[in-house]
Amino acid sequence: DVKVTQSSRYLVKRTGEKVFLECVQDMDHENMFWYRQDPGLGLRLIYFSYDVKMKEKGDIPEGYSVSREKKERFSLILESASTNQTSMYLCASSNRDRNYRPSYEQYFGPGTRLTVT
Amino acid sequence: GESVGLHLPTLSVQEGDNSIINCAYSNSASDYFIWYKQESGKGPQFIIDIRSNMDKRQGQRVTVLLNKTVKHLSLQIAATQPGDSAVYFCAESKYGYALNFGKGTSLLVTP
């Protein structure tokens, strides 16, 4: 089974702090994603990565950055946390299909609920 | 801009009945659609997918129907069970093999 793990289930940080959210997948997947989930808004894509050291902006990248130094690990960074970044953060990964095309089927971690006070 | 929306935010069904969860999409260029299930305290879990060149796809107790004419997607769950209680999201393909998610429908199965 694919396993996607996130470093913390719950996190409380203060406004202005630098926050690191870590995500690790154990199935050698090429693609990794960061979403935030807010009530009534569904999942919104923050950043994604096709490969090591590659990153692409999603729909709401402002206030975030990412790092992918190793294939299995994708980190989300809040440079200076603000209260409007209080949310559930979900990491996902996906692989390539049998024809070596990227797959849309994404596997999700359990999420990190971040509260910024 | 494009959006993926759901007709109803909540749905309550009796155990044993069939459930139908609907989803409207607006991006006619999307070629792939997925349904996810999210149980409380967990990340979304893949249920079933369908490509735009198909109208129907069946899985175990689930069926997804795609109507490209009216840009409508539905998930049918047969003989709904208490374990089916969850939030269901439809998602459509977008750039970079990412997904655009809808806002979710909460399914509550009552005994």
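Right above here is the structure, for reference.
Residues numbered from 1 in each chain as written. Chains lettered and ligands numbered in written order. Predicted model: local features only at pLDDT ≥ 70, side-chain atom pairs only at ≥ 80, totals over all residues. Heavy atoms only, no water.

## Focus: the pattern of salt bridges
- Counted under the stated rule, the structure contains eleven salt bridges over all chains.
- Among the ionic pairs, A:Arg36 bridges to A:Asp38, the shortest N-O distance being 2.8 Å.
- Taking relative accessible area as the criterion, A:Arg36 reaches 8% and is therefore assigned buried.
- Across the pair B:Glu39 and B:Lys42 runs a salt bridge, and its minimum N-O distance is 3.9 Å.
- According to the relative accessible area criterion, B:Glu39 is partly exposed, its value standing at 26%.
- The class of B:Lys42 is partly exposed, set by a relative accessible area of 47%. (Salt bridge = Lys/Arg side-chain N within 4 Å of Asp/Glu carboxyl O. Buried < 20%, exposed > 50% of the residue type's maximum accessible area, 1.4 Å probe, protein only.)

## What to know about the state of the cysteines
Residues and elements named next belong to chain A.
- The full count for this structure, using the stated rule, is two disulfides over all chains.
- Residue Cys23 pairs covalently with Cys91 via a disulfide, S to S 1.9 Å. Handedness here is read from the sign of the S-S torsion; for Cys23 and Cys91, about -75°, the answer is left-handed. Of this pair, Cys23 sits in strand S3 (residues 19–25) while Cys91 sits in strand S9 (residues 87–94), and the two are 68 residues apart along the sequence.
- Using a relative accessible area of 0% as the deciding quantity, one classes Cys23 as buried. (Disulfide = S-S within 2.5 Å. Helix = DSSP H or I, 4+ residues; strand = E, 2+ residues; numbered from the N terminus.)

## Some details on the packing of aromatic side chains
- Inspection of the entire model under this criterion finds 13 aromatic pairs over all chains.
- Measuring from ring centre to ring centre gives 6.3 Å for B:Tyr36 and B:Phe46, while their planes differ by 85°; the resulting arrangement is edge-to-face. Residue B:Tyr36 is located in strand S4 (residues 32–38), and its partner B:Phe46 is located in strand S5 (residues 45–51); the two are separated by ten residues in the primary sequence.
- B:Tyr36 sits in the buried class, given a relative accessible area of 0%.
- In this structure B:Phe46 comes out as partly exposed when scored by relative accessible area, which is 25%.
- Relative to B:Phe101, the ring of B:Phe89 lies with its centre 6.4 Å away and its plane at 80°, an arrangement referred to as edge-to-face. In this pair, B:Phe89 sits in strand S9 (residues 86–93) while B:Phe101 sits in strand S10 (residues 99–101), placing the two residues twelve residues apart along the sequence.
- B:Phe101 sits in the buried class, given a relative accessible area of 6%.
- One aromatic cluster in this structure is built from A:Phe33, A:Tyr35, A:Phe48, A:Tyr50, A:Phe108, B:Tyr36, B:Phe46, B:Phe89 and B:Phe101. (Phe/Tyr/Trp six-rings, centres within 6.5 Å; stacked < 30°, edge-to-face > 60°.)

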